[in-house]
Amino acid sequence: MAMREDASKRAPLQPFEVIGHVSNWNLKGRIRKGRVDWLALDSWIDSSLYGAWERLRNVWSSYSSFFSRFHVSGLRRVFAETASESLTLGAGGLVVMLALALPAFEETNDSWRTAGQFSVTFLDRYGNEIGKRGILHSDAVPLADIPDHMIQSALATEDRRFFDHFGIDIIGTARAMVENVRANDVVQGGSSLTQQLAKNFFLSPERSLQRKIKEAFLALWLEARLTKKEILKYYLDRSYMGGGAFGVEAASQLYFNKSVRDITLAEAAMLAGLFKAPTRYAPHLDLPASRARANIVLSNLVEAGYMTEGQVHGARLNPATIVDRSDFYSPDWFLDYAFEEVRRLMKDKEQYVLTAQTTVDLSLQRNAQEAVENTLRKFGRGKRARQAALVSMEPDGAVRVIVGGRDYGESQFNRATHARRQPGSSFKPYVYLTALENGYTPNSAVVDGYVSCGRWSPRNYSGGYRGRMIMAHALMRSINTVAVKLSLRVGREKVVANVKKLGMDVRKSCSMALGDTGITPLQHTGGYAVFAAGGKRTPPYVIEEIRNTKDELIYLHERDEPKPKQIFERKKIEQLNSMLGLVVTSGTGRRSQLDFTASAGKTGTSSGFKDAWFMGFTGQYVTGVWFGNDNFTPMARVTGGSLPAQTWKDFMVYAHATKNIPPIPGLAIHPNQLQAQNQISRLKQADPSLGTIGSSVRSISPRTRKVLREMRELFEDARAGATGPQDRRAAVPDDSAGDGAPPAPDAPAGDGRRSDMDRDGRRFAAERVRSP
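These lines cover the structure that appears in this document, whether it is placed above or below.

Here we come to the overall build of the protein. A count of helical and extended segments in the protein gives 28 helices and 14 strands. Looking at the protein as a whole, 47% of its 772 residues are labelled buried. Partitioning the intrachain contacts of the protein with sequence separation of at least 6 by distance along the chain shows that 71% fall at a separation of at least 24. When the accessible surface of the protein is totalled, it reaches about 39,400 Å², and 54% of it is carbon and sulfur.

Structural data, given as structure tokens:
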């Protein structure tokens, strides 16, 4: 009885004590003297859960009671729900736009203000001045010295609310959208002046939604770091104004031969009209259109309240006149890339005011631009092809032509040097070269049949399979399955390694043999130049030499760059060239065939007809042509053997002004070319002095050349004083600038070395005189 009473008097175990007993039981492996009160444990669990539930109900009741005050119904609920969803979607949209803008913000480093500190005067291959890039700060016009009517004309036309908005003119953008909808066309732009400056500072001129988003964010970034006056000054100094001129001061000198400080209202209106479309309204190209545009600017001045109709009436009656620039031509895409190269070469050298001699041939550049424009004008609309690019260089790497698009004034984006597009079948020669290095020959048997890589299987352009054939015919017909088989058999790693030796980076993939990795036309042309050079690596270059203001030579390509290196066995290159020759004479590139010299090349078409290429070369020039659209929309079944091949031929016919063309390694001399060479040999046998120049021309000393140059300048100044001011950039080329002489008609060329004429820039005529 006592034991029972003691047990009944014992206090019940608390939950923690129960747990302790259970824990001890688990640890010891036996039941201790204390017992587990399972009923108390169950009661504690139940009460805890109930208490937690009650507290949760109280919290929810309080929450509901609080927000019930904001309960709306009917029309007010519709507005509330709409606002709520708008805020949610807006927040998500801001996150997306910020993610798109981050790459642009990464470009805004500490040197963005000094990106324009270089001032470079460019010369062509013959030593004639062809344009400038950058800003010469010592000659820059302060904002206070720019006339009010110039600033007002720019603001009235480009951004009337410039001093009122925060970088993005929401009101102006909305107004432009309304006007564009009314006109069913783009008649007004929505970009503020700050947004345009952001594009000039950091972004490419390509038209895309991603670029517009970046532009808006960067405009806010600029507004936070610059004053309104600084933004305006940068805009007036950096905007492209046509004719290769950047900024209102350079444009004023180009078109009116005076400083912007001295321009009239009519001239200011003409300059302000160039901001929208500098090529379309450039007065040296289309004076009536430029004057019509200036008249619109004068109306804008009145509408904006800057002037009255009476103040602009005189400018309407007496429009601006310009100096004669009818013979002026600026290779703008070439100069843009040359300026990039100068900044790369002169980085960290503390030299900013420079003169650079380039490799450009203005005659070839102008003709290449015309060839591209003619093809697009004739066939572009029907074939849905809006853009094209062309690069031409010599086998030694000297780039003679860079055409980055159809209209530089409309879009300064350089597609020749910066657009990475899929090369399609024009990539196949790199695969075939790798196969030749691994035991294959042009006569090796291959089979056009089914092949797969993972779940992917290629198809031929014309469909079906042709069975057994030799490798040369497979390349000639551009058989996709054979190229893929070769890449798999020899090893895609080897193809990637060879392409890297050519200066390009491609990714290893199942379809890499069909050109699925984007490369630029300049890179692609440089790759084919190795074929024309017999296997020597000759990287494309555009700068011959650079001098500072003291006329000191601080860079010379021939001295400072590595010599050409043999990276492929010449015999393998000759075998490849023999196959590429069949592409032109009997394969997909027949439209490019020349009737005066041998040529080799390859067509290329990407999937969906988004890109069309023709890459080809003779013994003298290597030229690549690309057609496509900036937004990657497909063309109307445009292949590399159509528009690109025809454009390539049109340009190459003009480019070869002589039949004394070096042979292509691995190809026989063209019969017509051989006949012309035999005729020249017979003429030289009759007259050994034919085509030669006396040695006295080569013996001119540097001091004599300098004196002759000064005398020529004096005569030109005297002639200018007698006949009026003329453009000295269009004068006779400086044929006393070097000590070399033009080679004889039968002199050998194409041996990988620059001739004296090319190296020293001597020539007796800037324009080519084509023999009948």
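We now examine the sheet that holds strand β4 (residues 387-393). Ordered in space as β5-β4-β14-β13-β12, the five strands form an open sheet in which the pairing is antiparallel. The open sheet is flanked by β5 (399-403) and β12 (600-605), the only strands paired with a single partner. The average angle at which neighbouring strand axes cross in this sheet is 5 degrees, direction not considered. In this sheet, β5 lies alongside β4 in antiparallel orientation, the contact comprising four bridges. Bridge pairing links Ser392 to Val401 in β5. Its contacts with the sheet place helix α24 (residues 643-655) against β4, β5, β13 (611-617) and β14 (622-628), and it is angled at close to 140 degrees to β14.

We now examine the nonpolar core. Phe122, Tyr432 and Ile543 are the most contacted members of the largest nonpolar core, which totals 107 residues. Counting residues per element, this core draws most heavily on helix α14 (residues 332-345), at eight residues.

What the rule picks out here adds up to one disulfide. One disulfide bridge connects Cys453 with Cys510, the sulfur atoms lying 2.1 Å from each other. Disulfide Cys453-Cys510: torsion about the S-S bond near -60 degrees, hence left-handed. With Cys453 in the loop between β6 (445-448) and β7 (467-470) and Cys510 in the loop between α20 (492-501) and α21 (521-532), this pair connects stretches of sequence that are 57 residues apart. For Cys453, a relative accessible area of 10% corresponds to the buried category. Of the residues examined, Cys510 reaches a relative accessible area of 23% and is grouped as partly exposed.

Attention now goes to unusual backbone geometry. Positioned with a positive phi, Arg384 is a non-glycine residue whose angle comes to about 55 degrees. Mapped onto the elements of the fold, Arg384 is located in the loop between α15 (362-383) and β4. Even without being a glycine, Phe609 presents a positive backbone phi close to 55 degrees. In this structure, Phe609 sits in the loop between β12 and β13.

This part is about the pairing of β6. The alternating pattern of β6 places Val446 and Asp448 on a buried face, while none of Ala445 and Val447, on the opposite face, is buried. As defined by bridge partners, β6 adjoins β7 across four bridges and the pair is classed as antiparallel. Bridge assignment links Val446 to a residue of β7, and that residue is Met469.

Of all ten residues in helix α7 (residues 193-202), eight are buried, a share of seventy percent or more. Along α7, the positions that sit buried rather than exposed are Leu193, Thr194, Gln195, Gln196, Leu197, Ala198, Phe201 and Phe202.

This paragraph deals with the side chain of Asp159. In this structure, Asp159 sits in the loop between α5 (148-158) and α6 (170-183). We note that Asp159 is buried and unpaired, the nearest opposite charge coming from Lys228 at a distance of 6.4 Å. Leave out the neighbours within four places in its chain, and Asp159 touches Ala154, His165, Asp169, Ser192 and Leu193.

This paragraph deals with the packing of aromatic side chains. Applying the stated criterion across every chain, the model contains 13 aromatic pairs. Both rings, one in Tyr240 and one in Phe246, keep their centres 5.0 Å apart while their planes meet at 55 degrees; by these two values the pair is tilted. Look at Tyr240 and you get buried, because its relative accessible area is 8%. With 5.9 Å between their ring centres and 50 degrees between their planes, Tyr430 and Phe531 make a pair best called tilted. Taken together, the residues span a long stretch of sequence, with Tyr430 in helix α17 (residues 428-437) and Phe531 in helix α21 at a distance of 101 residues. By the burial criterion, Tyr430 is buried, and Phe531 matches it. Sitting above the plane of the Phe162 ring, Lys228 keeps its charged end 4.5 Å from the centroid. Positioned above the aromatic ring of Phe632, the side-chain terminus of Arg421 is 3.9 Å from the ring centre.

On the surface, a cluster of nonpolar side chains totalling about 590 Å² of accessible area is made up of Trp60, Tyr63, Phe66, Phe67 and Phe70. Secondary-structure assignment places Tyr63 in helix α3 (residues 38-67). Judged by relative accessible area, which is 44%, Tyr63 ranks as partly exposed.

Moving on to α14. The end-to-end C-alpha distance of α14, which contains 14 residues, comes to 20 Å, matching closely the 20 Å that a straight helix rising 1.5 Å per residue would cover. When α14 is considered as a whole, its buried residues turn out to be Asp332, Trp333, Phe334, Leu335, Asp336, Tyr337, Ala338, Phe339, Glu341, Val342 and Leu345.

Parameters at a glance
- Residues numbered from 1 in each chain as written.
- Predicted model: local features only at pLDDT ≥ 70, side-chain atom pairs only at ≥ 80, totals over all residues.
- Heavy atoms only, no water.
- Helix = DSSP H or I, 4+ residues; strand = E, 2+ residues; numbered from the N terminus.
- Buried < 20%, exposed > 50% of the residue type's maximum accessible area, 1.4 Å probe, protein only.
- Contact = heavy atoms within 4.5 Å.
- Areas by Shrake-Rupley, 256 points an atom, 1.4 Å probe, with all protein chains shown as cover.
- Pairing = 2+ DSSP bridges.
- Axes fitted to C-alpha atoms, helices over the stretch in contact; angles between N-to-C directions.
- Core = buried A, V, L, I, M, F, W, Y, C linked by side-chain atoms within 4.5 Å.
- Disulfide = S-S within 2.5 Å.
- Lys, Arg positive; Asp, Glu negative; His and termini not counted.
- Salt bridge = Lys/Arg side-chain N within 4 Å of Asp/Glu carboxyl O.
- Phe/Tyr/Trp six-rings, centres within 6.5 Å; stacked < 30°, edge-to-face > 60°.
- Lys NZ or Arg CZ within 6 Å of the ring centre and 35° of its normal.
- Patch = residues over 30% accessible without salt bridge, like charges linked within 9 Å, V, L, I, M, F, W, Y side chains within 5 Å.
- Expected span 1.5 Å × (residues − 1).

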